[in-house]
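Descriptive structure summary
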Amino acid sequence: MASYKARLKEFEDIIQKDEIDLKKLKTLCFNGIPDEQTNRALCWRLMLNYLPSNRTSWSETLARKRELYKQFIEEMIVNPGEVSHEEGERVDVTFSDHPLSVNPDSQWGTFFKDNEVLLQIDKDVRRLCPDISFFQQPTKYPCAAVVNSGGAKRLHRRVQHSVLKSANVERKGLGITRIALATRKAPEDYHPLAEGSEAHWEVVERILFLYAKLNPGQGYVQGMNEIIGPIYHVFACDPDPVWKEHAEADCFFAFTNLMGEIRDFFIKSLDEAECGINRLMNKLCHELKSNDHTVYMKLQQQELKPQYYSFRWLTLLLSQEFPLPDVLRIWDSLLADPNRFSFLIYICCAMIILLRDQLLQGDFPTNVKLLQSFPPTDVQIVIGKAVELAERKQGQILFRKVATYR
């Protein structure tokens, strides 16, 4: 208990200073942020470069960013024919714009184009973290511009699963890339809440939609919902209501910053680039070969390529391989990694080595299934093994003993 309290005090001492020492903070976060500690959301905001290290500038930064996000909602969610806020009258869409207009500036054209992206986002967020009920629950702070719009800006209303085709990701084969068409709504989909309320998945849907609109060169790619899920969950569960109230806006910018670091994982044309996903998978193979040549050769002999399992591990930062509480603990270390995301490689390598006995005994189908559905494991064991591999590679002690606080 004494060491636990001392650890909490270490966090408090760093965060309460006017100038936060990010290097020291990351060292603490790498070892895990205790669940009882109210600072995970704040630490993540800092490590994702949303908040500057100087506390005196926080108020100005937060006010500016949150106001900007309100503008995004107002300007980017286009609804042709909605009531004009200035005149209080409904626009006559038949005068200069209509659903069949070919004018590139047509609001209706934008509306239909947006819906193509929204369709996939809507389907994905309705299945976010199905092992917990959080995303189906109502947020205490629904977006006023949306819930007071009479339903005009509620995005889920713009797509009808019973009519439009949607892409269903099958979690097998080459990572997350195998897609099958479906025309019915999946039974596990989350349902929208009544007018005046918003479920957390509806909030995430809006964030992803705005991100896609503001990043047309990349747009929305399946799997981004799994990246934003942990961030939003942490921000929306902040015990401090002052921070929690702005979880949506803060999450948008934190997610945008993270995607700026890993966006190449989602761009197929960059797969072979230095920062592309194929290079990461090659690094993983190299680490496995260096640390357990026997297991490496077994997988090579079976032609069990890393694309069959590690594509999803690396692209989604392990967000689908562990329960959410374990994912949060893993991300404490990943976000604190000074060389993001080199430690991710060591965690993935540790996962394979920890399955050593089963892999050496299993045939190809058994091993593929084992790696694609990583068995329940104490996440501290995985991280501890990853630290061991990282320290062995560098020939020195890189990190302090991994804490067991979660």
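Residues numbered from 1 in each chain as written. Predicted model: local features only at pLDDT ≥ 70, side-chain atom pairs only at ≥ 80, totals over all residues. Heavy atoms only, no water.

The cut-off we apply is this: UniProt positions are given in the numbering used here, feature names are shortened, and annotations may be inferred rather than shown by experiment.
The name given to the protein in an unreviewed UniProt entry is TBC1 domain family member 13, with Rhynocoris fuscipes as the source organism. Among the UniProt annotations of the protein, the heading Function (unreviewed entry) holds the following wording: "Acts as a GTPase-activating protein for RAB35. Together with RAB35 may be involved in regulation of insulin-induced glucose transporter SLC2A4/GLUT4 translocation to the plasma membrane in adipocytes." You can read under Subunit (unreviewed entry) in the UniProt record for the protein the words "Interacts with RAB1A and RAB10; in a GTP-dependent manner."

Here's the deal with the overall build of the protein
How we decide: Numbered from the N terminus, helices here are DSSP runs of H or I no shorter than four residues, and strands are runs of E no shorter than two. Summary of the burial criterion: residues with accessible area below 20% of their type's maximum are buried, those above 50% are exposed, and those between are partly exposed, where the area comes from a 1.4 Å probe applied to protein chains only. We call two residues in contact when some of their heavy atoms are within 4.5 Å. All accessibility values rest on the Shrake-Rupley procedure with a 1.4 Å probe; residue burial counts only the protein chains present in the view.
Across its full length, the protein carries 19 helices and two strands. Within the protein, the fraction of its 406 residues that count as buried is 52%. In the protein, once contacts between residues fewer than 6 apart in sequence are set aside, the share between residues at least 24 apart is 74%. Of the roughly 19,400 Å² of accessible surface on the protein, 52% is carried by carbon and sulfur atoms.

A closer look at the environment of tyrosine 296
Turning to its location among the elements, tyrosine 296 is positioned in helix H13 (residues 293–301). Discounting residues that sit within four places of it in the chain, tyrosine 296 has contacts with Cys285, Leu288 and Lys289.

Considerations on unusual backbone geometry
A cis amide bond links arginine 340 to the next residue, phenylalanine 341, at an omega of 0 degrees. Looking at the element boundaries, phenylalanine 341 is found in the loop between helix H15 (324–336) and helix H16 (342–353). Located in the positive-phi region is cysteine 129, a residue other than glycine, with phi close to 45 degrees. Note on placement: cysteine 129 falls in the loop between helix H6 (107–125) and helix H7 (144–147). One non-glycine residue, leucine 318, adopts positive backbone phi at about 65 degrees. For leucine 318, the position within the fold is in the loop between helix H14 (310–315) and H15.

Digging into the nonpolar core
Most often, soluble globular proteins keep nonpolar side chains buried together rather than apart. So the rule is basically this: Among buried residues, the Ala, Val, Leu, Ile, Met, Phe, Trp, Tyr and Cys ones that are joined through side-chain atoms within 4.5 Å form a nonpolar core.
The biggest cluster of nonpolar side chains holds 120 residues, and the ones touching the most others in it are Trp44, Ile231, Leu258, Leu317, Trp331, Phe343 and Ile352. Discounting chain neighbours no more than four positions away, the residues touching isoleucine 352 are Leu284, Leu288, Val295, Leu299, Tyr309, Trp313, Leu359 and Leu371.

Considering empty space enclosed by the protein
Short version of the rule: Buriedness of a pocket was judged along seven lines, with at least five required to meet protein on both sides within 12 Å; pockets are open sets of points on a 1 Å grid over the protein atoms alone, cavities are sets where a 1.4 Å probe fits but cannot get out, and lining residues have an atom within 4 Å of a point. Grid points are joined across faces, edges and corners, and a volume is the space filled by probe spheres set on the points.
For the coordinates displayed, the defined rule picks out three cavities of 30 Å³ or more. One number sums up the size of the largest cavity: a volume of about 70 Å³. Lining the largest cavity are Leu284, Cys285, Leu288, Tyr296, Leu299, Gln300, Leu304, Pro306, Tyr309 and Ile352. Going through the elements one at a time, helix H12 (277–291) and H13 are the ones with two or more residues in the lining of the largest cavity.

Examining the pattern of salt bridges
Stated formally: Basic side-chain nitrogens of Lys or Arg form a salt bridge, by our definition, when they fall within 4 Å of a carboxyl oxygen of Asp or Glu.
Inspection of every chain in the model, using the stated rule, returns 17 salt bridges. In this structure, the salt-bridge partner of glutamate 198 is arginine 206, at a minimum N-O distance of 2.6 Å. Each of the two residues, glutamate 198 as well as arginine 206, counts as buried. Among the ionic pairs, aspartate 292 bridges to arginine 356, the shortest N-O distance being 2.6 Å. Taken as a pair, aspartate 292 in the loop between H12 and H13 and arginine 356 in helix H17 (residues 356–361) lie far apart in primary sequence, 64 residues in all. Among the residues examined, arginine 356 registers a relative accessible area of 28% and is labelled partly exposed. A single network of salt bridges, built from pairs that share partners, joins Arg45, Arg66, Asp238 and Asp250.

A few points about the state of the cysteines
Where two cysteines share a covalent bond between their sulfur atoms, that bond is called a disulfide. Operational definition: When two cysteine sulfur atoms are found within 2.5 Å, that pair is recorded as a disulfide.
The full count for this structure, using the stated rule, is zero disulfides. A disulfide-free cysteine, cysteine 29 has its sulfur positioned 3.8 Å from the sulfur of cysteine 43, the nearest such atom. With relative accessibility at 0%, the residue cysteine 29 sits in the buried group.

Describing the packing of aromatic side chains
For clarity, the threshold we go by: A pair of Phe, Tyr and Trp rings is counted when the ring centres sit within 6.5 Å of each other, with Trp represented by its six-membered ring. The angle between the planes then sorts it: under 30 degrees is stacked, over 60 is edge-to-face, the rest tilted.
Evaluation of the coordinates by the stated rule reveals 16 aromatic pairs. Between phenylalanine 134 and tyrosine 232, the ring centres sit 6.2 Å apart and the planes meet at 50 degrees, which makes this aromatic pair tilted. Here phenylalanine 134, found in the loop between H6 and H7, pairs with tyrosine 232, found in helix H9 (residues 224–236); they are 98 residues apart in sequence, far enough to count as distant. Across this residue pair, the class does not change: phenylalanine 134 and tyrosine 232 are buried. Taking 5.2 Å as the distance between ring centres and 65 degrees as the angle between the ring planes, the aromatic pair formed by tyrosine 309 and tryptophan 313 counts as edge-to-face. Accessibility assignment for this pair places tyrosine 309 and tryptophan 313 in one class, buried. The rings of Tyr50, Tyr69, Phe72, Phe252 and Phe253 are connected pair by pair, giving a single aromatic cluster.

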